[in-house]
Amino acid sequence: MTTTTKKGAKALPLNRILSGDCIDVMNSLPEASVDLIFADPPYNLQLKGQLHRPDNSQVDAVDDHWDQFSSFAVYDQFTREWLKAAHRLLKPNGAIWVIGSYHNIFRVGSALQDAGYWILNDVVWRKSNPMPNFRGKRFTNAHETMIWASKREGAKYTFNYEALKALNEGVQMRSDWVLPICTGHERLKDENGDKAHPTQKPESLLHRVLIGSTNPGDVILDPFFGTGTTGAVAKMLGREFIGIEREESYRKVAEKRISKVRKFDREALEVSASKRAEPRVPFGQLVERGMLRPGEELYSMNQRHKAKVRADGTLVGDNVKGSIHQVGAHLENAPSCNGWTYWCFKRDGKTVPIDVLRQQIRAEMN
């Protein structure tokens, strides 16, 4: 367990599970100290009576006291209060994820907007193995909804687009995620062999959330920590976590679970980054370092055009002078051109893209 302290500021209790009411605990923590909040609040399921399967066996539904509210008004007030406390904790470029079902997510979404958050996406978690609707009077409830929001309109936030794309076999990640619910070895049990928590979330869900919207070293707060899925995944991925949980039985399960988790090594924690995030390399640097010589000719990838390198890192060709991008656009009669992918040079009879030289420099910089 660790803490961090800025000069004159209160210590931030990193990698700890804090006991108490989430609103009171959040209000006691330093302002603007958290990078991401993942919240799995009570759903207020409004269950009426017991639920049975066709064989008359009872379904282990969510009927715990922490999920029971006397009215929508009481639930809404609770939602507004914890969202206000969470908003104070977020850094200016922080963000929040809230997960819920049809029972509560629309009310939470409205409260988020009223509290000043800016909704970025809603993500549907489609369960590949949902519990059937035993009464047969409604559709099988096969999904839950997550709302992803930044602290305010126009605020910056972390979005690891390329990493999520890599997770999805090179295809842009969509806002509908097909993942299984907790079963088998992942489902935690208590001392009696029963479910340790009725709504335990799968680690695959938190893995995707944290890979996509945080970076190693970020601080993740979960105000409804339960059995610690957020903390376990955060620890594996090299993030710091703060958990808040008022139920002692859940805290005990979470502490035991997280103590067994091993952090991935530094190399494994690295993820695919956006090309725009890579260090900028001016074309002139290739000339300065002798990787390309003044007077050397470059050729377009389609072999239709050529231009000559000048000592200042510009090109000249067919009565046009300018940068690798400007000359390429002029020769192709196009509004723009990425000169790094347009031009190539020749070595030992082979055609080589100039971008290869840029990547060599970037590798040295890293």
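Residues numbered from 1 in each chain as written. Predicted model: local features only at pLDDT ≥ 70, side-chain atom pairs only at ≥ 80, totals over all residues. Heavy atoms only, no water.

Draft legend 1. Structural detail: the overall build of the protein chain. Regarding its fold elements, the protein chain presents 12 helices and 16 strands. A total of 366 residues make up the protein chain; the buried ones form 45% of that total. Of all intrachain contacts in the protein chain linking residues separated by at least 6 positions in sequence, the fraction that spans at least 24 positions is 66%. Element-wise, carbon and sulfur atoms account for 48% of the exposed surface of the protein chain, whose accessible area totals about 20,200 Å². (Helix = DSSP H or I, 4+ residues; strand = E, 2+ residues; numbered from the N terminus. Buried < 20%, exposed > 50% of the residue type's maximum accessible area, 1.4 Å probe, protein only. Contact = heavy atoms within 4.5 Å. Areas by Shrake-Rupley, 256 points an atom, 1.4 Å probe, with all protein chains shown as cover.)

Draft legend 2. Quick peek at the packing of helix α2 (residues 72-89) against helix α3 (residues 105-114). Here α2 crosses α3 at 45°, and the two axes come no closer than 10 Å. Viewed along their axes, α2 and α3 adopt a mutual orientation that is oblique. Here the hand of the crossing between α2 and α3 comes out right-handed. Across from Phe72, Tyr75, Asp76, Thr79, Arg80 and Leu83 in α2, the residues of α3 making contact are Arg107, Val108, Ala111 and Leu112. (Axes fitted to C-alpha atoms, helices over the stretch in contact; angles between N-to-C directions. Parallel < 35°, antiparallel > 145°, perpendicular 65-115°, else oblique. Left-handed = near helix turned anticlockwise from the far one by under 90°.)

Draft legend 3. Up close: the sheet that holds strand β13 (residues 315-317). Read across the open sheet, the six strands follow the order β14-β13-β12-β11-β15-β16; overall the sheet is antiparallel. Strands with a single pairing partner mark the edges of an open sheet, and in this sheet they are β14 (320-322) and β16 (350-353). Neighbour to neighbour, the strand axes of the sheet diverge by 35° on average, direction disregarded. In the packing of helix α10 (residues 324-331) onto the sheet, contacts are made with β12 (306-309), β13, β14 and β15 (343-347), and the angle to β14 comes to roughly 150°. (Pairing = 2+ DSSP bridges.)

Draft legend 4. Layout of the side chain of Thr230. Summarising the element assignment, Thr230 is placed in helix α6 (residues 229-236). Among the polar contacts made by the side chain of Thr230, one reaches the side chain of Asp222 at a distance of 2.7 Å. Contact partners of Thr230, with chain neighbours within four places excluded, come to Phe38, Leu206, Leu210, Ile220, Asp222 and Phe225. (Polar contact = N/O pair within 3.5 Å; in protein donor to acceptor, adjacent residues only side chain to side chain.)

Draft legend 5. Just α3, in detail. Restricting attention to buried positions, one finds in α3 the residues Ile105, Val108, Gly109, Ala111 and Leu112. The arc enclosing the buried residues of α3, seen along the axis, measures out at 165°, which places them on a common side. For α3, the exposed residues set more than 90 degrees away from the buried face come down to Phe106 and Asp114. Each element contacted by the buried residues of α3 is listed here: α2, β5 (90-100), β6 (118-127) and β7 (143-150). With its phi angle positive at about 100°, Gly116 sits one or two positions after the end of α3. (Arc of directions from axis to C-beta.)

Draft legend 6. Region of interest: the packing of aromatic side chains. Per the stated rule, a full pass over the model turns up 11 aromatic pairs. Plain terms: the ring middles of Tyr75 and Phe78 are 6.4 Å apart, the flat faces sit at 50° to each other, and that makes the pair tilted. Of this pair, Tyr75 and Phe78 are both found in helix α2, three residues apart, which corresponds to roughly one turn of the helix. Pairing Trp148 with Phe159 gives two aromatic rings, centres 5.5 Å apart and planes at 40°, and the pair type is tilted. Of the two residues, Trp148 sits in strand β7 while Phe159 sits in the loop between β7 and α4 (161-167), which places them 11 residues apart along the sequence. For Trp148, a relative accessible area of 5% corresponds to the buried category. Through successive ring pairs, a cluster of aromatic residues spans Trp97, Trp148, Tyr157, Phe159, Tyr161 and Trp177. Here Lys127 stacks its cationic end above the ring of Trp125, 5.2 Å away from the centre of that ring. (Phe/Tyr/Trp six-rings, centres within 6.5 Å; stacked < 30°, edge-to-face > 60°. Lys NZ or Arg CZ within 6 Å of the ring centre and 35° of its normal.)

Draft legend 7. View of the pairing of β7. In terms of burial, β7 is a largely internal element, seven of the eight residues being buried. Strand direction decides the pairing type here: β6 and β7, joined by eight bridges, are antiparallel. Within β7, the position partnered with Arg126 by the bridge is His143.

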